[in-house]
Amino acid sequence: MAPVQTFAGEVADNYAKHRRGYRPGLIDYLASTFGLGPHSRVLDLGCGTGQLTIPLAAKAGAVIGMDPSPDMLALAGTEAANVTWVLGSDQQVSSLDSLLGKEGLDVVTIGQALHWMDAAQLFAALMPLLRPGGGIAVISNGTPVWIQETAWARALADVSRKWFTNLSFPTCGCSPSDRARYRILLGEAGFTVEEHAIDYTEEFTVDEVIGSFYSAAPLERLNPDQRAGFDADLRSALLAAQPDGRFVEDVPVRTLVAHRTQQVTGSAPRH
Ligand SMILES: C[S@@+](CC[C@H](N)C(=O)[O-])C[C@H]1O[C@@H](n2cnc3c(N)ncnc32)[C@H](O)[C@@H]1O
């Protein structure tokens, strides 16, 4: 599990302001493939500041947004009356059983967050919570900027390497091999899995690129007196790599759609 301080303070602020949202086409697809409607109950696990939770709420009867970071939840939008925000991690999902009852959920969405969780244990824990025909959507909403191949993205990675020692550049569950592993684990847990793809391009300003990067960067590792230097270095490297200030990004959105088709056997009667 991610330490709570990973998604806190300035990172959480930048997440709420600058992190990419989810395309309406994806929300429509999820609603249609899982047959969402006013009767549906959805759990958005690792919901962060609610980028996925809020649009899903427009398609469902009730949504739970669950996340272990108080700072992320504090910034989640309050505009949807049918969302309940819950502080908790993948380790607590089984406790929802006593609140919702067996098969009390139609869909569980996990957007850009499964890499923080114990996927095998989670999928097994979710199976009895889901109604037959319901399922799980594991979504990677683009590629982390530090592993993109454009000149400006490489400049960003180079500047970061210079300022942070031993910086890792994780794939955050977005690589084909990450998805292949999740697919196998979903299959082993008894789900039937298919993959859905949306590709689009998006253009950003330099402030948006920096804000989005700061929603993931370990800024707390810089001393306060280094910070202004890093900000300036990053901005100037980005603009040197992209002098017209138009930062275009290819955004591959990949969703593993896992349906629960089997009956759970041997479950204890409820008292
Ligand atoms: C990259 S953000 C994704 C947020 C949101 N789903 C989105 O797509 O914008 C990852 C989120 O996972 C949460 N997280 C970290 N560890 C978790 C865990 N063990 N269980 C559930 N959520 C976790 C973090 O607090 C963070 O809000």
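What counts and how
- Residues numbered from 1 in each chain as written.
- Predicted model: local features only at pLDDT ≥ 70, side-chain atom pairs only at ≥ 80, totals over all residues.
- Axes fitted to C-alpha atoms, helices over the stretch in contact; angles between N-to-C directions.
- Helix = DSSP H or I, 4+ residues; strand = E, 2+ residues; numbered from the N terminus.
- Parallel < 35°, antiparallel > 145°, perpendicular 65-115°, else oblique.
- Left-handed = near helix turned anticlockwise from the far one by under 90°.
- Contact = placed C-beta atoms within 7 Å.
- Nonpolar A, V, L, I, M, F, W, Y, C, P; charged D, E, K, R; others polar.
- Core = buried A, V, L, I, M, F, W, Y, C linked by C-beta atoms within 7 Å.
- Buried ≥ 20, exposed ≤ 12 C-beta atoms within 10 Å, placed from the backbone.
- Pairing = 2+ DSSP bridges.

Caption draft 1: Broad picture of the packing of helix α7 (residues 151-163) against helix α10 (residues 224-241). The geometry of α7 relative to α10 is characterised by a closest axis approach of 8 Å and an angle of 155 degrees between their N-to-C directions. Regarding the angle of α7 to α10, the classification is roughly antiparallel. Where α7 crosses over α10, the two elements pack in a sense that is right-handed. Taking contact as the criterion, the partners of Ala151, Trp152, Ala155, Leu156, Asp158, Val159 and Trp163 in α7 are, on α10, Gln226, Phe230, Asp233, Leu234, Ala237, Leu238, Ala240 and Ala241. In terms of residue class, the contact of α7 with α10 is built from 12 nonpolar, 1 polar and 2 charged.

Caption draft 2: Local environment of the packing of helix α1 (residues 9-18) against helix α9 (residues 206-214). Across the interface, α1 lies against α9 with an axial gap of 7 Å and an inter-helix angle of 130 degrees. Considered as vectors, α1 and α9 are oriented oblique to each other. Along this stretch, α1 crosses α9, giving a crossing that reads as left-handed. Seen from α1, the contacting residues are Glu10, Val11, Asn14, Lys17 and His18; seen from α9, they are Glu208, Gly211, Ser212 and Tyr214. Partitioned by chemical class, the residues of the contact of α1 with α9 number 2 nonpolar, 4 polar and 3 charged.

Caption draft 3: A look at the nonpolar core. Within the largest apolar cluster, 53 residues are counted, with the highest numbers of intra-cluster contacts made by Val108, Ile136 and Leu186. With 5 residues, the single largest contributor to this core is strand β5 (residues 130-141). Excluding anything up to four places from it in sequence, valine 108 contacts Leu43, Leu45, Leu126, Leu130 and Ile136.

Caption draft 4: Geometry of the sheet that holds strand β7 (residues 247-260). Taking strand neighbours across the sheet as the criterion, the 7 strands line up as β3-β2-β1-β4-β5-β7-β6 in an open arrangement whose pairing is mixed. A strand with exactly one partner marks an edge of an open sheet, and here the two such strands are β3 (83-87) and β6 (191-204). Between one strand axis and the next, the sheet turns by 20 degrees as a mean value, whatever way the strands run. Note: strand β1 (residues 41-45) against strand β4 (residues 105-111), 3 bridges, orientation parallel. Bridging from a neighbouring strand, valine 42 pairs with valine 107 of β4.

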